[in-house]
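Residue-level structural notes
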Amino acid sequence: MPGQSRLKPLHSDFEDAGTIDALHRLYTGIAAEYAEAPPLPSWVTATRLDFLIGTESELGEQGGDHLRLQAEKLIPLFSQLEARLLRDAERIAPTHLARARSAPQKPTGKSPTGKSTNGKLPTGKSPIGKSTGNPMDKRMERPKTTGPAGHPSSFQDEVDSPQGGDVHRVCLARLLFGACCEAFAIVACSRISPFGCRPTSTLFNADLKRLYKDSCHAAAWTSAHAHYLDDIVATGMSIVRPSLHSIKSELNEPDLSDLFSRRLAGKHGIPSAATAMLAFLTRCTNPGSRGWDSILKTSLEDSDGARRLSAEALTVSLTGMHSCIHPGARLHWKQRLGLMLHLSEQSLFKSVVLLAKHPLAFKELIRRMCSNTVSSSFASNDALEQLEHPVALLAGNVQRLCPDGLERSSMTFVSVGTELVHHRGEISLEEALCKMLTFKNSEPVASSSKDQRALQWNAAYLGKGSACIHNKVPAVNVASTIFSFAFRRNFLPFWVHCSSHDQRAPRLGDAQYNALHEMNAATQLTLQLDANEQLQVQRAALSRPSSGLMTLEDVGKLFGLVGVRGASCNGGSKGIKDAVRTISAGGARGAAQILHFCRTAAISEDILVYDLGPRSYRLQLEAVVKRSLTDELVSNGTMTLDQLLEHVPQHTKCLCACVECKRVSNAVATDGGSKWNVSFNEIGTSGSMISTDALSNESHLRCAKRCSTSLKTAIANEEEMNVCNIECMDIKQDALRSMLHCGGETSANGVCARARRDCKSAFEQRESCVPCGGEKMLAIPIIGKAIRLWDQWYALCSFCGCFINVRPNNKFESELCCLRCDHDMLNRHNKVDKKKFAQPSNAPVCRYCGKVHRESHHLSLICRNPTPTKVHTAWLG
Amino acid sequence: MTLPPGLVLQARTDSNFRIPSTTVQTFSNVVLNSAESVEISSVAKDMPTHTSTVSCKDGYKPEAMLFVDENFSQSQLQRDTSLSALSFKPVVKFNSSHYKYVTDDDGSPRILQVGVAVDEELQDLGFRVPPSASANPEAAKCQANLD
């Protein structure tokens with residue numbers, strides 16, 4: 001859809017993600033500490049394997065002997081180095097490594113569900129009923145270790161085989177290099193803080209954050225190469241070269257920062273398909289669970305996109321391919337490979353719905369994903385941090401780790417993945433996901449020293465769920481309270497008098513309206529200003545577009561008044577007394593100026609006008625003349641645009657609105673471009689009629705809508721008040737006294753509520769009710785302007801001249817645009833090259849020759865090329 | 001010219017926010033002498049000074065643009081300063097992932113915007129981004145010209 005964003009991954013390749021630099025950083029640390037670390041050839045960290053060994057390298061050697069020879073030397077060195085690093089890691093933190101990185105358990109003869117398997121791995125059906133041939137077992141068996149060498153024997157066998165190409169050795173060397181870096185990250189992290197703990201001091205936060213992130217990069221690198229090798233070993237070929245996108249990790253999760261930035265927009269700013277995901281992102285930071293369960297249920301049922309993204313996030317969390325966990329908590333790459341292959345054959349798309357049974361766990365899953373997917377917009381995150389928004393706390397920064405609670409819950413997800421590995425796939429994902437409940441009540445890992453604190457999870461670890469935004473209360477609101485209170489003071493006796501004569505007073509007659517408003521103390525105070533002062537104050541209000549948003553303090557400063565400030569911290573006042581006291585601080589004249597200023601500002605707030613500039617004016621003028629055919633009907637070719645404009649109908653160049661029913665009558669495109677496939681060709685006005693003055697012969701528009709019931713009632717009430725002359729009737733002292741002193745009975749009878757309601761409607765009424773069509777419609781010239789009327793922005797499309805509700809997406813080139821321009825309508829008499837401006841269809845198009853695939857054409861095969869290179873894609877289409 | 005989205009976010013949500021003295025231009029590397037830098041700072045107070053084209057040929061993708069919601073007009077900053085233009089004129093946002101440092105043949109560094117153009121050809125692959133469906137403002141613009 002035009003004007004709206006599309007999904008793309010956070011990073012495009014290893015270099016873009018910073019993986020290469022991360023690996024270099026880690027290997028520099030290894031080289032500094034371990035003398036046996038071999039020198040690193042440049043090809044080991046090259047971004048793309050294709051560039052090193054060609055695209056068909058698995059079929060045989062392609063003249064890369066020097067790489068093969070180097071790789072053969074490096075493989076044993078890297079293997080020994082990794083084994084040494086893992087031993088060191090075991091020595092530093094034996095407990096966690098024994099638990100998280102232990103070898104897969106042999107079958108005990110009983111499945112986790114208690115059913116006997118007779119000592120054999122179950123085959124055939126997977127735990128969720130899908131026939132998989134138990135791939136977990138096969139995958140887990142293949143990459144078994146061969147003692148201290150630490151690399152899979154099957155990979156080694158392939159390397160040693162005469163058919164093995166260079167790619168095996170080169171890729172294996174790169175894999176083991178990544179494994180070394182991963183192991184070193186565990187060692188380095190464990191030295192600062194053991195698994196399950198955090199240092200109490202924040203001095204090491206930046207170092208730890210760096211190691212967490214670098215470790216994730218190394219894990220992604222290792223797993224991508226392992227996945228590639230596994231494909232070659234299993235099938236003899238691999239379609240996908242090892243890349244950032246080979247496996248799911250936080251590095252290739254979708255970038256949702258643009259979607260998140262639209263959370264404050266209305267429904268027109270967000271694609272409907274993304275609404276569910278946005279609801280997840282915005283609500284996941286709420287500490288409470290109110291509303292979360294229902295959103296979870298409806299979003300997962302209705303939105304495929306939300307379900308798919310959640311399923312991918314679940315894969316990342318289960319395999320630990322993210323930077324929210326200690327590197328030691330992550331599974332070894334061999335076990336990770338088995339788990340990833342197992343999960344790839346599970347239907348996570350369905351399984352994620354099972355996780356919805358544990359809303360708290362699902363929220364933690366989304367929090368982890370949210371922390372990563374909105375992290376690409378650094379400036380926004382920095383601003384969110386300034387506002388103390390919880391998303392900024394989740395995402396962290398280069399100086400700060402993620403919150404303890406997020407790491408603790410992420411560890412629980414990894415433990416579920418570990419559980420699947422230890423049970424060799426015999427346990428169903430649903431059973432494993434039941435572990436999700438444990439992080440809520442799990443005991444913290446015991447810290448070994450005072451310098452370390454154990455990681456803990458509690459529901460409120462993100463604090464409050466909203467940002468610290470202090471909304472200011474405009475002075476207009478405070479002044480409105482004062483005017484209303486002063487009016488009520490006179491209105492209530494009048495209302496009681498009416499009640500004593502069994503007469504309701506929801507509306508005021510003309511005489512009553514004038515009398516009550518003239519008696520208003522606030523109005524009387526403003527009338528004490530002389531005409532010049534009043535005009536000066538009005539000009540001050542009208543010349544400032546933000547006058548309706550200014551606080552009392554701002555208005556006081558404008559008139560040089562000292563001490564005018566509301567008692568409330570948001571610039572407002574605490575009650576009517578405080579409001580009167582505040583404006584009185586500037587003296588009687590100051591109070592009158594403030595009240596008069598606010599009254600003018602409230603009126604000017606109804607209509608805001610923004611000048612779009614001369615270029616927009618010219619474009620819109622041309623478009624309007626074209627749209628109304630004025631140039632063809634009136635001009636003989638000599639008239640200028642400004643002269644033609646005089647002949648353009650009023651409803652084409654002016655925003656026409658009825659102030660009675662508050663309705664804009666022009667044909668307006670309100671969709672914000674969402675209906676881009678349907679041209680907007682409406683013209684004229686709706687519900688309007690032309691009225692011609694018999695004397696001057698001038699025509700103007702009037703609203704042709706029938707009066708609403710409420711308007712009819714109001715007119716009837718006003719007429720009744722005018723007729724009955726209630727103010728001339730005798731005052732019934734007894735009735736008044738009894739009504740004013742009846743205490744709680746009045747509220748019980750709803751008298752107070754009725755009085756309050758009538759007071760409000762009488763205060764807000766215009767001097768007299770006018771039915772629709774009784775007066776001219778409002779006509780505001782709109783060419784070259786954007787106009788805000790009754791909280792909606794209107795403008796003309798700069799290209800076709802139609803009226804639009806201005807939405808954030810209504811932009812094309814550098815101008816406002818309806819995004820639904822109809823060039824056929826604009827060029828009714830001119831032949832246009834339709835092919836040139838033809839709408840792109842949904843039919844597949846060859847990107848090289850431009851040939852469009854049609855249904856009527858011969859059947860053609862659409863090939864999704866996984867590795868688009870110039871050589872191999874030239875023949876496509 | 002680019003604008004950091006954080007600036008708009010704070011202007012949108014924080015009523016106490018004021019444009020800092022160091023604005024968009026001064027975030028970039030200093031390449032001019034001090035006198036001109038002062039001039040740039042003074043110009044920066046009146047930002048945005050330029051607009052960007054969107055969705056058209058040689059224009060930016062919509063997702064590369066600064067997103068300003070309709071309620072931004074309820075902030076004092078929008079009403080009183082030229083930031084009001086952000087609601088009606090497209091301005092490209094600053095996102096570090098849209099930039100790439102490259103070095104010329106002579107070794108001098110440059111910074112390139114990547115992945116944000118409508119008709120950008122993907123590097124080295126020979127592919128273009130698939131065409132997105134869109135309306136015909138281009139046609140309307142072309143035909144609306146009375147010259």
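Each chain has its residues counted from 1, running along the sequence as written. Chains carry letters from A onward and ligands carry numbers from 1 onward, assigned in written order. Local features in a predicted model are, by the rule used here, given only for residues with pLDDT of at least 70; side-chain atom pairs are given and counted only at 80 or more, and totals for whole chains, interfaces and linings are based on all residues. Note that water and hydrogens are dropped before the side-chain values are worked out from all heavy atoms of the structure.

Some words on the overall build of chain B
Keep this limit in mind: Segments assigned H or I by DSSP are reported as helices when at least four residues long, segments assigned E as strands when at least two residues long, and all are numbered from the N terminus. For every residue, the accessible area (1.4 Å probe, protein chains only) is compared with the maximum for its type, and the residue is labelled buried under 20%, exposed over 50%, or partly exposed between those bounds. Note on areas: Shrake-Rupley, 1.4 Å probe, and residue coverage restricted to the protein chains presented here.
Along its length, chain B carries four helices and two strands. Helices and strands in chain B line up, N terminus first, as α-α-α-β-β-α. Classification of the 147 residues of chain B by burial places 44% in the buried group. Accessible surface computed for chain B: about 7500 Å², of which carbon and sulfur atoms make up 52%.

Quick notes on the sheet that holds strand 11 (residues 792-796) of chain A
Residues and elements named next belong to chain A. Selection criterion: Strand pairing follows a simple DSSP-based rule, namely that at least 2 bridges must link the two strands.
Spatially, five strands are ordered 3-10-11-12-6 in an open sheet, and the strand pairing comes out mixed. Pairing within the sheet leaves two strands with one partner each, and these edge strands are strand 3 (607-611) and strand 6 (668-669). Pairing between strand 10 (residues 785-789) and strand 11: three bridges, direction antiparallel. Bridging across to strand 11, Arg788 finds its partner in Trp793.

Let's talk about empty space enclosed by the protein
Note the cut-off: Only protein atoms enter the 1 Å grid, on which a cavity is a set of points fitting a 1.4 Å probe that cannot get out and a pocket is an open set with protein on both sides within 12 Å along at least 5 of 7 lines, lining residues being those with an atom within 4 Å of a point. Grid points are joined across faces, edges and corners, and a volume is the space filled by probe spheres set on the points. Here the term charged refers only to Asp, Glu, Lys and Arg, the term nonpolar to Ala, Val, Leu, Ile, Met, Phe, Trp, Tyr, Cys and Pro, and the term polar to all other amino acids, Gly among them.
Per the stated rule, a full pass over the model turns up five cavities of 30 Å³ or more. What the second largest cavity holds in volume is close to 140 Å³. Taken together, 13 residues form the lining of the second largest cavity, with Pro808 and Lys811 of chain A together with Pro62, Met65 and Leu66 of chain B sitting closest to its centre. Grouping the constituent residues of the lining of the second largest cavity by class yields nine nonpolar, two polar and two charged.

Here we look at the sheet that holds strand 4 (residues 654-658) of chain A
Across the sheet, which stays open at both edges, the three strands sit in the order 5-4-9 (chain A) with antiparallel pairing between neighbours. Looking at the sheet topology across the chains shown, the edges are occupied by strand 5 (663-664) and strand 9 (778-781) of chain A.

A word on the nonpolar core
Residue and element names in this part refer to chain A. Selection rule: We define the nonpolar core as a collection of buried residues of types Ala, Val, Leu, Ile, Met, Phe, Trp, Tyr and Cys that are connected through side-chain atoms lying within 4.5 Å of one another. Contacts were defined at the residue level, with two residues in contact if any of their heavy atoms lie within 4.5 Å.
Core analysis: the biggest nonpolar cluster contains 60 residues, and Tyr27, Ile30, Trp43, Leu81, Leu85 and Phe177 have the highest contact counts within it. If you list the elements that add at least two residues to this core, you get helix 1 (14-17), helix 2 (19-33), helix 4 (65-92), helix 8 (166-192), helix 9 (205-235) and helix 14 (333-345). Per-element accounting of this core gives the leading share, 18 residues, to helix 8. In this structure, Ile30 is in contact with Ala37, Leu81, Leu85, Cys180, Cys181 and Phe184, ignoring residues within four places of it in sequence. In this structure, Leu278, Ala306, Ala311 and Val421 belong to the second largest nonpolar core, which totals 46 residues.

Re the confidence of the model for chain B
Residues and elements named next belong to chain B. Definition in use: How sure the predictor is of each residue is captured by pLDDT, a score from 0 to 100.
Per-chain confidence: chain B averages 67 in pLDDT, with 49% of residues scoring 70 or above. Here residues 22-37 scores under 50 on pLDDT; set against residues more than four positions off or in separate chains, the count is 17 contacts. With pLDDT under 50 throughout, residues 131-135 is counted as low confidence; its partners more than four residues away or in other chains account for 15 contacts. Per the prediction output, this complex has pTM 0.74; the corresponding ipTM is 0.72.

Focus on the pairing of strand 4 of chain A
All names here are of chain A. The buried count for strand 4 comes to five of five residues, which makes it a mostly enclosed element. The two faces of strand 4 match: Cys654, Cys656 and Cys658 on one face and Leu655 and Ala657 on the other face are all buried. The pairing of strand 4 with strand 9 spans four bridges and is classified as antiparallel. For Cys656, the partnering residue across the bridge sits in strand 9 and is Ala779. Inspection of the sheet shows strand 4 paired to strand 5 by two bridges, in the antiparallel sense. Paired with Ala657 across the two strands is Val664, which belongs to strand 5. The loop that links strand 4 with its antiparallel partner strand 5 comprises four residues; one of these, Lys662, has a positive phi angle of about 50°.

Focus: the layout of surface pockets
Residues and elements named next belong to chain A. Each pocket or cavity is described by its volume, and for the second largest pocket that value is around 1300 Å³. As for the second largest pocket, its lining consists of 31 residues, and the residues nearest its centre are Ala602, Ile603, Asp606, Phe763 and Glu764. Going through the elements one at a time, helix 22 (475-500), helix 23 (510-519), helix 28 (587-604) and helix 36 (751-764) are the ones with two or more residues in the lining of the second largest pocket. In the lining of the second largest pocket, the residues fall into 14 nonpolar, nine polar and eight charged.

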